[in-house]
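Summary of structural features
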Amino acid sequence: MKTYDVLVLGGGTAGTAAAKAAHQAGQKTAMFNDGELGGLCILRGCMPTKTMLHAAHLRHEAAHHHTPGIGRAELSVDFPAVMANKDAKVERFKSAKIRGIEAAGYEVLDARAKFVGPDTIEAGGETYKFEKGAVIATGSTQFIPDVPGLKESDYLDSDGLMQLTEQPKSCIVLGTGAIGLEFAQFFARLGSEVHVLARRRIFQDLDEEVGKEMRAVFEEAPSMHLHDGHTPIAVRQLDGRVEVDAKVGAEIRTFEAERLIVATGRRAALDGLGLEAAGINRDRHTIPTDADMRTSNPRVFVAGDASGFKQLLHVANWEGAVAGMGAAQVPGPHAVEQRLDVSVIFFDPPLATVGLSELDARKHALEVVTASARFPETGRAITMDVQHGLLKLVADRQSGEILGAQILGPRADDMIHTISTLMYFHGTAQQMLEMPWYHPTLSEVLLQLARDIETQRKEA
């Protein structure tokens, strides 16, 4: 039996963060990685998809910009070259990630691991014991819904999409989360006919005015078709085509396309880990933890997609560091920051949110005041001929503390950090008014919103 202070199961973002934290705490640490090293974000997630979306957005801008005096052009698409560029970027990011892992100082073991006892792990025919703690960071797997005929069809999930070398002329997308909608916009902007089927109203989790603006962005592409309230009930694979039957009220509609894309989310990869042998409780798709990511086995922690919480890289990094310090028994509390809850979906324009929406605040019976502005009606955006977008701030009515923001518009993915930084320090609308804001910029509109919030608070 080989003995370590800390053992980490999984070599993605959360696993490497946990192993690094434990090693930096002075503990003898080993990380088990099953398969390609680099993590989902680099290999099949954040970075390749953003490379692909950049190409689609360039083509769309050339044909649909609104600046007078500059011609428009229907740019050609070399789809294999777009995908080859994505592959080259992945290799570059993966190499940098692996260099970082190799320089981090902890041991990497190429094997799939499982618990065989409360402090014992089996991997690659060997048995390992941890003296202080362990971290489960085994990532997630695709969730495929139980629709008759779906699993027998030649569908594409997000992993399969990374392997495409030929652009489909048409596709049906199941799933309206970030992955499904990003791929829908990608293919629509490259010229594919795209039908998105949603069981409920698309964008309904956003505040009403933000969701309305988001829909206008998507429907601007003539080849994009959004279908609310369409529940898939059957899938049929034809010769080179696929059909999907969807129920709409009492009616059944049939959609046909060249390819079917299933982007219905991911779930924690917990099967086969021997959790019961380690005394670790699990719900159906998650492992319950406390704020320090500690499981029912007080020496075992969980982080990243395996936690079943927010499946985002920055969350995985934070959870991994917290779990790694917990497993290394570093003194003191190491709670994960959940108040900010930053999220970005890389549409064009991107949608970025932080903290509470007005909808969230009302559900929690909070007394809030809000202010919003449409990008096309603000100074710098007017100079850029921006057609769509909206900024919205939510603040506590009594104190003026900023509780959240939704930004749909150019550079929203970067602008959201202005608000998240302010919120990190519990900043208020009044403090925003006391800050200098450069003119003309997109972000200076936030000053206008802060002024509006303060006016409403004084009038209340």
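Just so we're clear, the structure is a prediction, and the values are computed from it rather than from any experiment.

What follows deals with the overall build of the protein chain. Looking only at helices and strands, the protein chain features 13 helices and 21 strands. Radius of gyration (C-alpha) of the protein chain: 24 Å, near the 23 Å computed for a compact globule of 460 residues. In the protein chain, which comprises 460 residues, the proportion classed as buried is 51%. Looking at the protein chain alone, contacts between residues at least 24 apart form 63% of all its contacts between residues at least 6 apart. Counting only carbon and sulfur atoms, one obtains 50% of the accessible surface of the protein chain, whose full area is about 21100 Å². For the protein chain, the centre of its 48 positive side-chain charges and the centre of its 61 negative side-chain charges are spaced 1 Å apart.

With that out of the way, let us pick up the pattern of salt bridges. Per the stated rule, a full pass over the model turns up 25 salt bridges. Across the pair Asp228 and Arg215 runs a salt bridge whose closest N-O atoms are separated by 2.8 Å. Of this pair, Asp228 sits in the loop between β10 (224–227) and β11 (231–237) while Arg215 sits in helix α7 (residues 208–219); the two residues are 13 residues apart in sequence, bridging distant segments of the chain. Exposure remark for Asp228: the relative accessible area of 27% places this residue in the partly exposed category.

What follows is about the sheet that holds strand β20 (residues 390–396). Strands sit in the order β17-β18-β21-β20-β19 across an open sheet of five strands; the sheet is antiparallel. The open sheet has two edge strands, β17 (343–345) and β19 (368–374), and neither has a second partner. Taking the axes of each pair of neighbouring strands and ignoring which way they run, one obtains an average angle of 10° across the sheet. Summarising the sheet, β19 and β20 pair through seven bridges and their orientation is antiparallel. The residue of β20 that forms the bridge with Val369 is Ala395. Relative to β19, helix α13 (residues 445–459) is tilted by about 145°, and along the sheet it contacts β19 and β20.

Summed over the entire model, instances satisfying the criterion amount to eight aromatic pairs. The interplanar angle of 70° and the centroid separation of 4.9 Å between the aromatic rings of Phe186 and Phe187 together place this pair among those described as edge-to-face. Comparing Phe186 with Phe187 shows no difference in burial state: the two are buried. Taken together, a centroid distance of 5.1 Å and an interplanar angle of 85° make the contact between Tyr424 and Phe425 edge-to-face. Tyr424 gets classed as partly exposed once you look at its relative accessible area, which sits at 44%. Among the aromatic residues, those joined into a cluster by ring pairs are Tyr4, Phe32 and Tyr128. Across the ring face of Tyr4, the terminal group of Lys28 is positioned such that the distance to the ring centre comes to 4.8 Å. In this structure, Arg267 packs its charged tip against the face of Phe143, placed 3.7 Å from the ring centre.

The rules behind these values
Residues numbered from 1 in each chain as written. Predicted model: local features only at pLDDT ≥ 70, side-chain atom pairs only at ≥ 80, totals over all residues. Heavy atoms only, no water. Helix = DSSP H or I, 4+ residues; strand = E, 2+ residues; numbered from the N terminus. Rg over C-alpha atoms; globule rule 2.2 N^0.38 Å. Buried < 20%, exposed > 50% of the residue type's maximum accessible area, 1.4 Å probe, protein only. Contact = heavy atoms within 4.5 Å. Areas by Shrake-Rupley, 256 points an atom, 1.4 Å probe, with all protein chains shown as cover. Lys, Arg positive; Asp, Glu negative; His and termini not counted. Charge placed at Lys NZ, Arg CZ, Asp CG, Glu CD. Salt bridge = Lys/Arg side-chain N within 4 Å of Asp/Glu carboxyl O. Pairing = 2+ DSSP bridges. Axes fitted to C-alpha atoms, helices over the stretch in contact; angles between N-to-C directions. Phe/Tyr/Trp six-rings, centres within 6.5 Å; stacked < 30°, edge-to-face > 60°. Lys NZ or Arg CZ within 6 Å of the ring centre and 35° of its normal.

Shape descriptors only; they carry no functional weight alone.
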